[in-house]
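A structural walkthrough
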Amino acid sequence: MYFDIFVSGLAVGCIYSLIAMSFSLIFRSSGVLNIGTGEFVMIGGLVGFSLITDGTQNFYLVMLCTMAIAGLVGYLSNVLVFHPVQKRGGQSIHVLIASIGIMIILPQIGSLIWGAEPLSFPSSLSAGQVQLGSAKISAISFSIILLSLSIMILFQLFFKFTRIGQAMRAIADDRVMSQLLGVNHRKYIALIFLVAGALTGVAGVLLGPLYYVSYDMGIIGIKAFAAAVLGGFGNIMGAVIGGILLGLIEAFGGTMISSEFRDLILYAILILVLLIRPAGILGIKKRRDTA
Amino acid sequence: MGYVGGLSGATAAFGKPAYDAVKYAVDEINKNGGILGKTVELVSEDDEGNPFKGQQAIDKFANRDIKFVISGSSSAVALSQVAKVKENNMIAVSPIASDPGVVSENPRFFVNLANNNQFGWAAAYYAAKEMGVKEVIAFIRDDAFGTSVYKAFREKSAELDMKIVHEFKYPNDAKDFNSYISQGISSNPNAYIFLSGYAADSGLIAKQARALGYDKPFIATNPISSPQYYEIAGDASNHTMISAAYFSDTDIGEKTKTFIEAWKSKFNLEPNVYQAHGYDSVYILKTAIEKAGSAAPDEVQKELLNIKNYEGASGLTSFNDDGSATKPIFIVNWDNGQLKLEKVLQAGSY
């Protein structure tokens, strides 16, 4: 029983981690707190639904296409909204308001295109079990854990070993120094938004077979934001740890204490952790050039 | 005539089909001369499953001097509308709100659907007596509908020695039930799962339960007869036994047969429970207005209370003194995307 609970909590936690990584990546590199991140998850989920029900049988191909489309939405959000606001002298509050605008507009667009009812991925994707030793676990939870962890590892490798990834890390670590070293900020920050968008897109498409997708599913962004804070806002590894911890606390807290007050337990534990360690588990990671 | 119901969000699973049938009935009535020689104008409002918006809709109708409302709102929203309907001297008929708390003495809010007590008792009776269920894991949607149908289910289970071994109450927006399902079926592998929620959340429970190896039938109530349950659960919906308000079968009666044939010829689809009751709600109101000979709400109320054995698309409807309806319960079973009739339980037999 405990192993089942662990696996289901880990699966959901991995999805929270992907979204939390997006929050932290954008914040660390550009200072933008993008409250609309949850809505990019929604776009990913709905686009994934359209692709998989319109004949694209290969789920991995659907995932890749969704990442590309969600990445484009992320890229455009920077090019059309955040960068122009910042360029015109917008402070953090103006950028935050712009992101709230995105948070309101995108679900309306989602419901116009896909309608207001929940949409289900083919049930064959979520059926079946996997034998792990003496335990049988849900195949979809197992797949989500493997896929999410693989994606997280791939992104870490990308940031560590590719030129583009290293340039992005340089901007995230120290914007001023990276500029002095000739890194093109505008280009790489736009790419960071693209990568962050892709992360949320894959989160959305993984949620499809686990639950269902709908125009109002972006609310998951609130929990992912909590995960990013729990792990240390701006810290990518912190986002991974925060997401997984959140998923496990949710699963075990709801089962061991009360299903009715699962969210209350979750946020009470979050507040307790922040009271003890306000910067989150791994601490807030800011750019070295910021105060 | 006003229509208020969930036209978006989770409650659109029943709010939208009910609206479609209400519009169909109004169009049909207008083609045949209207009510008391007058054309009916249908004005609709989306409550989005939100009690506050449900109340606002009644206020908007009152501001337009609309006296008659068909409420396709969920039980939680309808409960918030009852006082407003009375305050504004209106009459409402609901084909959806099955919470017994919606009706009361000297009613202005009538419900032409069986109520949650009937759904809960019938589900427990069938599970215990016909399926031989001894233990139950109950998933309780934490809203007016879920808690009231579960209360009735639990009452009848206690009478019939069927033990509730786990109770998992969940918030309306819950999507992940894996940990509760694991806990339930690991500690009580012979227990059956009871679903007290709506199609979307119950569909998720069914899907996740099957993925965790639960292979027994589910026990559920009326909202699970919605096609949305099958859309979300897919094959996991097979062997879900439901105490439903309606079954689309031409053997139920002549009016049901006529309705099914006309609906299929127009929409190329089998009508569901919300459509049959939505259609009847309009015609029941029309019958009462015509018998009263006026659109005065007080007079129409008297005639609604006199409605006994009205034969409509959903079978026979009789209103009780509190505005609730006595109706048969149909035990139906999902089988590869189709609902199959297992048994009809008449009022008083369970």
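Criteria and cut-off values
- Residues numbered from 1 in each chain as written.
- Chains lettered and ligands numbered in written order.
- Predicted model: local features only at pLDDT ≥ 70, side-chain atom pairs only at ≥ 80, totals over all residues.
- Heavy atoms only, no water.
- Helix = DSSP H or I, 4+ residues; strand = E, 2+ residues; numbered from the N terminus.
- Rg over C-alpha atoms; globule rule 2.2 N^0.38 Å.
- Buried < 20%, exposed > 50% of the residue type's maximum accessible area, 1.4 Å probe, protein only.
- Contact = heavy atoms within 4.5 Å.
- Areas by Shrake-Rupley, 256 points an atom, 1.4 Å probe, with all protein chains shown as cover.
- Lys, Arg positive; Asp, Glu negative; His and termini not counted.
- Charge placed at Lys NZ, Arg CZ, Asp CG, Glu CD.
- Buried area = accessible area lost by both parts, 1.4 Å probe.
- Salt bridge = Lys/Arg side-chain N within 4 Å of Asp/Glu carboxyl O.
- Polar contact = N/O pair within 3.5 Å; in protein donor to acceptor, adjacent residues only side chain to side chain.
- Nonpolar A, V, L, I, M, F, W, Y, C, P; charged D, E, K, R; others polar.
- Patch = residues over 30% accessible without salt bridge, like charges linked within 9 Å, V, L, I, M, F, W, Y side chains within 5 Å.
- Phe/Tyr/Trp six-rings, centres within 6.5 Å; stacked < 30°, edge-to-face > 60°.
- Pairing = 2+ DSSP bridges.
- Axes fitted to C-alpha atoms, helices over the stretch in contact; angles between N-to-C directions.
- Right-handed = clockwise from strand over helix to strand, strands pointing away.
- pLDDT = per-residue confidence, 0-100.
- Parallel < 35°, antiparallel > 145°, perpendicular 65-115°, else oblique.
- Left-handed = near helix turned anticlockwise from the far one by under 90°.

1. Considerations on the overall build of chain A
A tally of regular secondary structure across chain A gives 11 helices and 2 strands. Mapped in sequence order, the helices and strands of chain A form the string α-α-α-α-β-β-α-α-α-α-α-α-α. For 291 residues, the compact-globule estimate of 2.2 N^0.38 gives 19 Å, and the C-alpha radius of gyration of chain A, at 19 Å, lies within 12% of that figure. Viewed in the frame of its principal axes, chain A has a C-alpha envelope of about 55 × 50 × 35 Å. With 291 residues in all, chain A has 53% of them scored as buried. A separation of at least 24 residues holds for 76% of the contacts in chain A among residues at least 6 apart in sequence. Approximately 12600 Å² of chain A is accessible, and the part contributed by carbon and sulfur atoms is 68%. The distance from the centre of the 17 positive side-chain charges to the centre of the 11 negative ones in chain A is 17 Å.

2. Quick look at the interface of chain B and chain A
Counting from both sides, the interface comprises 30 residues of chain B and, opposite them, 26 residues of chain A. Note on chain B versus chain A: buried area summed over both sides is about 2600 Å², and carbon and sulfur give 52% of it. Counting the surface chain B buries against chain A, the share from its top three residues, K175(B), Y180(B) and K207(B), is 21%. Counting across the chain B and chain A interface gives 0 salt bridges. There are 10 residue pairs in polar contact (both at pLDDT 80 or more) connecting chain B and chain A. At the level of elements, α1 (12–31), β7 (163–170), α6 (178–187), α7 (199–211) and α8 (227–233) of chain B are the ones that each hand at least two residues to the side of chain B that touches chain A. Sort the elements by how many residues they give to the side of chain B that touches chain A and α6(B) lands first, with 6 residues. Its residues assigned to classes, the side of chain B that touches chain A shows 11 nonpolar, 11 polar and 8 charged.

3. What to know about a nonpolar patch on the surface
Residue and element names in this part refer to chain A. On the surface, a nonpolar cluster with roughly 490 Å² of combined accessible area is contributed by L72, Y75, L76, V79, L80 and L194. With 5 residues, the top contributor of residues to the nonpolar patch is helix α3 (residues 59–87). Within the secondary structure, L80 is located in helix α3.

4. Here's the deal with the packing of aromatic side chains
Aromatic ring pairs are reported here in terms of the distance separating the ring centres and the angle at which the planes meet. All names here are of chain B. For the structure shown, the criterion picks out 29 aromatic pairs over all chains. Seen from their ring centres, F139 and F168 are 5.4 Å apart, and the 35° between their planes marks the pair as tilted. Note that F139 is positioned in strand β6 (residues 135–141) and F168 in strand β7, a separation of 29 residues in sequence. Both residues of the pair, F139 and F168, count as buried.

5. With respect to the environment of L207(A)
Relative to the helices and strands, L207(A) is located in helix α8 (residues 185–210). Apart from residues lying up to four places away in sequence, L207(A) is in contact with I15(A), V41(A), Y212(A), M217(A) and I220(A).

6. Some thoughts on the sheet that holds strand β5 (residues 109–111) of chain B
Residue and element names in this part refer to chain B. Pairing in this open sheet of 5 strands is parallel, and the strands run β2-β1-β3-β4-β5 from one edge to the other. Pairing within the sheet leaves two strands with one partner each, and these edge strands are β2 (43–46) and β5. When strand polarity is set aside, the average angle formed by the axes of neighbouring strands in this sheet is 20°. Both strand β3 (residues 68–72) and strand β4 (residues 91–94) contribute to a ladder of 3 bridges, which runs parallel. Looking at β4, one finds that V69 is bridged to A92. This element, helix α3 (residues 75–87), spans β1 (2–5), β3, β4 and β5 of the sheet and lies at about 140° to β5.

7. Focus on the environment of A122(B)
All names here are of chain B. As for its position among the elements, A122 is in helix α4 (residues 116–130). Separated by 223 residues in the primary sequence, A122 and L345 have C-alpha atoms spaced 7.5 Å apart. The residues touching A122, leaving out its near neighbours within four places in the chain, are S243, I329, I331, L345 and Y350.

8. Some details on the pairing of strand β10 (residues 240–244) of chain B
Residues and elements named next belong to chain B. In terms of residue burial, β10 counts as a mostly covered element, since 5 of its 5 residues are buried. Burial along β10 is two-sided: T240, I242 and A244 facing one way and M241 and S243 facing the other are all buried. With 4 bridges joining them, strand β9 (residues 218–221) and β10 adopt parallel strand pairing. By the bridge assignment, F218 is partnered in β10 with T240. In this fold, the crossover linking β9 to β10 by way of α8 has right-handed handedness. Where β10 lies against strand β14 (residues 329–335), 4 bridges are found, and the strand directions are antiparallel. Its bridge partner being in β14, I242 is matched across the sheet by V332.

9. What about the sheet that holds strand β12 (residues 315–319) of chain B?
Residues and elements named next belong to chain B. The 3 strands lie next to each other as β11-β12-β13, forming an open sheet whose pairing is antiparallel. Looking along the sheet, the strands with just one partner apiece sit at the ends: β11 (310–312) and β13 (325–326). Of the strand pairs in this sheet, β12 and β13 are connected by 2 bridges, and their pairing is antiparallel. Along β13, the bridge assignment pairs S318 with T326. Taken strand by strand, helix α10 (residues 273–292) contacts β11 and β12, and its axis lies near 145° from that of β11.

10. A look at the confidence of the model for chain B
On average, residues of chain B score 94 in pLDDT, and 99% of them are at 70 or above. Predicted complex metrics record ipTM = 0.82 and pTM = 0.83.

11. Quick word on the packing of α3(A) against α8(A)
Residues and elements named next belong to chain A. It is the contact of α3 with α8, at a shortest axis distance of 6 Å, that shows an interaxial angle of 135°. Here α3 lies oblique to α8, going by the angle between them. Relative to α8, the crossing made by α3 is right-handed. When grouped by side-chain class, the residues that make up the contact of α3 with α8 number 16 nonpolar, 8 polar and 1 charged.

12. Structural notes on the pairing of β14(B)
Residues and elements named next belong to chain B. Most of β14 sits out of view: 6 of its 7 residues are buried. Sheet topology places β14 next to strand β15 (residues 338–345); 7 bridges connect them, and they run antiparallel. Within β15, the position partnered with V332 by the bridge is L341. Between the antiparallel neighbours β14 and β15 lie 2 residues, among them N336 with a positive phi of about 50°.

13. So, the packing of α3(A) against helix α4 (residues 92–114) of chain A
All names here are of chain A. Relative orientation of the contacting elements α3 and α4 amounts to 155°, with a least axis distance of 9 Å. In terms of orientation, α3 lies roughly antiparallel with respect to α4. Every pair of crossing elements has a handedness; the one defined by α3 and α4 is right-handed. Residues S77, V81, F82, V85 and Q86 of α3 touch α4, and the partners they reach there are H94, V95, A98, S99 and I102. Of the residues that constitute the contact of α3 with α4, the class distribution is 6 nonpolar, 4 polar and no charged.

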